[in-house]
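# Structural description and commentary
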Amino acid sequence: MKLFKRIISAFAAAAIAVTSVSFAGFAETPKTLIISDADDLVRLAEDCRVDSYSYGLTVRLSDNIDLTDIEFNGIPTFGGVFNGAGYTISGFHLTNNGS
């Protein structure tokens, strides 16, 4: 009976170890995108046309961004975290209808 319990315990420990390894392999790695100028912000807006792009994404500004004279229609969909880090985005007006 002791041998049976040891075998069951060994299988249970192995199953737990395999399960935790396989779940860790599927975990999403957090992504951080640094936005330092208008081109970076426009590129983010273009990439966010695919709604899954920003899932789990953290965006952080590293400088003030002036969009004066830049064609910018906003970020269509965003499912991440936007950290302005104390910087501002200025010089734009959104005129598109949307949610």
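Because the structure is a prediction, the values reported are computed rather than measured.

How each quantity is defined
Residues numbered from 1 in each chain as written. Predicted model: local features only at pLDDT ≥ 70, side-chain atom pairs only at ≥ 80, totals over all residues. Heavy atoms only, no water. Phe/Tyr/Trp six-rings, centres within 6.5 Å; stacked < 30°, edge-to-face > 60°. Helix = DSSP H or I, 4+ residues; strand = E, 2+ residues; numbered from the N terminus. Buried < 20%, exposed > 50% of the residue type's maximum accessible area, 1.4 Å probe, protein only. Arc of directions from axis to C-beta. Contact = heavy atoms within 4.5 Å. Polar contact = N/O pair within 3.5 Å; in protein donor to acceptor, adjacent residues only side chain to side chain. Pairing = 2+ DSSP bridges. Axes fitted to C-alpha atoms, helices over the stretch in contact; angles between N-to-C directions. Core = buried A, V, L, I, M, F, W, Y, C linked by side-chain atoms within 4.5 Å.

For the rest of this paragraph, the subject is the packing of aromatic side chains. Under the definition given, this model contains two aromatic pairs. Judged by centre distance (6.0 Å) and plane angle (85 degrees), the ring pair of Phe72 and Phe92 falls under edge-to-face. Placement of the pair is Phe72 in the loop between β3 (65-66) and β4 (81-83) and Phe92 in the segment after β5 (89-90), with a sequence separation of 20 residues. Judged by its relative accessible area of 12%, Phe72 falls in the buried class. Here Phe78 and Phe82 contribute two aromatic rings whose centre-to-centre distance is 6.2 Å and whose plane-to-plane angle is 70 degrees, an arrangement assigned as edge-to-face.

As a further point, take helix α2 (residues 38-47). Along α2, the residues classified as buried are Ala38, Asp40, Leu41, Leu44 and Ala45. Each buried residue of α2 sits inside an arc of 160 degrees when the element is viewed along its axis, so together they form one side. Here the buried face of α2 lies against β1 (31-35), β2 (57-61), β3, β4 and β5. The opening residue of α2, the one whose side-chain oxygen lies 3.3 Å from the backbone nitrogen of Asp39, is Asp37.

The next point concerns the sheet that holds β4. If you trace the three strands from one edge of the open sheet to the other, you get β1-β2-β4, paired in parallel fashion. Each end of this open sheet is capped by a strand with a single partner; those strands are β1 and β4. Neighbour to neighbour, the strand axes of the sheet diverge by 20 degrees on average, direction disregarded. Across five bridges, the pairing between β1 and β2 is parallel. Across the sheet, Ile34 pairs through a bridge with Arg60, a residue of β2. Relative to the sheet, α2 contacts β1, β2 and β4, its axis offset from that of β1 by approximately 135 degrees.

Here is a general trend for soluble globular proteins: nonpolar side chains tend to be buried in one another's company. Ile35, Ala38, Leu41, Leu44, Ala45, Cys48, Leu57, Val59, Leu61, Ile65, Leu67 and Phe72 together form the largest nonpolar core, which totals twelve residues. Counting only elements with at least two residues in this core, the list comes to α2 and β2. Broken down by element, this core gets its largest block of residues, four residues, from α2. The residues contacting Leu67, other than those within four sequence positions of it, are Ala38, Leu41, Phe72, Ile89, Ser90, Gly91 and Phe92.

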